[in-house]
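# What the coordinates show
Here is how the chains run, residue by residue.
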Amino acid sequence: MTLDWSIVPASAGALAHGALITIALTVLTMAVAVPCGIVVALLRESRFKPIAFLATCFVELFRNLPIILVVYWAFYVMPVVLDLSFSPFVTGLVALCLNNTAYNSETFRSGIRSIRKGQTEAALAMGMSEGQAFRKIVLPQAWRRVLPVLATTWVTLFKDTSLVSVIAVGDLAHTAMQIRSQSFRVIEMLTAMAAIYWLLGYPQAKLADWIHKKFGVTE
């Protein structure tokens, strides 16, 4: 067996572009899934039962489906059933957002429920509205409590973005596999892809560890 590692530096530009797409997918997904997760969490706590029921259905659907199945459904089924079609990048982004919104909503719901009701009652007694009490009292404390979980979700999402490669999104995984199929340098490209994912993912994992130590609530 002869290895030719020159394929890696020769493909550095394409691999770097794929890595940027992977990072962009991660950032954009969390930018959408965090505020949407808060909204869905609030809808699940709604006093209006039909709204709470629909929000629960959304969470239980997308939380319990494999991401790759959501990706396939968004790419192949949605254009036929809903007459909606997007570029592979946007389709992959939509699938990732749906899945992570469902998970983030449960994260925020747990954080909100962990705040003692007495604090909200005290805020109301001081003349605040329910909205003001939530924004100024409950949400800041809940955010601190869920931040470590969101950091872990970020790290997991960074790796899960590789699943959108199945619909030809030009992320790191898809780019590396394309180069592999064209050059027949399987070991070299798979090793390079693993190394790049690790080099990008390890600092994120250590940052998540730091956030756990800094903001983790032990009570």
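Conventions and cut-offs
Residues numbered from 1 in each chain as written. Predicted model: local features only at pLDDT ≥ 70, side-chain atom pairs only at ≥ 80, totals over all residues. Heavy atoms only, no water. UniProt positions renumbered as here; feature names shortened; annotations may be inferred. Phe/Tyr/Trp six-rings, centres within 6.5 Å; stacked < 30°, edge-to-face > 60°. Helix = DSSP H or I, 4+ residues; strand = E, 2+ residues; numbered from the N terminus. Buried < 20%, exposed > 50% of the residue type's maximum accessible area, 1.4 Å probe, protein only. Axes fitted to C-alpha atoms, helices over the stretch in contact; angles between N-to-C directions. Parallel < 35°, antiparallel > 145°, perpendicular 65-115°, else oblique. Left-handed = near helix turned anticlockwise from the far one by under 90°. Contact = heavy atoms within 4.5 Å. Nonpolar A, V, L, I, M, F, W, Y, C, P; charged D, E, K, R; others polar.

- For the protein chain, an unreviewed UniProt entry supplies the name Amino acid ABC transporter permease and the organism Flaviflagellibacter deserti.
- The UniProt entry for the protein chain carries this comment under Sequence similarities (unreviewed entry): "Belongs to the binding-protein-dependent transport system permease family. HisMQ subfamily."

### Let's talk about the packing of aromatic side chains
- One pass over the structure, following the stated rule, counts six aromatic pairs.
- Geometrically, the ring pair formed by Phe108 and Trp143 is stacked, given 5.9 Å between the ring centres and 25° between the ring planes. With a gap of 35 residues between them, Phe108 in helix H5 (residues 88-113) and Trp143 in helix H7 (residues 130-160) connect regions that are remote in the sequence.
- With a relative accessible area of 36%, Trp143 lands in the partly exposed category.
- Three or more aromatic residues link up through ring pairs in this structure, and these residues are Tyr72, Phe75 and Tyr76.

### Brief notes about the packing of helix H2 (residues 12-44) against helix H3 (residues 49-63)
- Two elements in contact, H2 and H3, have axes separated by 7 Å at closest approach and are oriented at 130°. Judged by the angle between their axes, H2 and H3 are oblique. Considering only the axes of H2 and H3, their crossing is left-handed. Every residue of H3 that contacts H2 at Val40, Leu43 and Arg44 is listed here: Ile51, Ala52, Ala55, Thr56, Phe58, Val59 and Glu60.
- For the contact of H2 with H3, the residue count by class is seven nonpolar, one polar and two charged.

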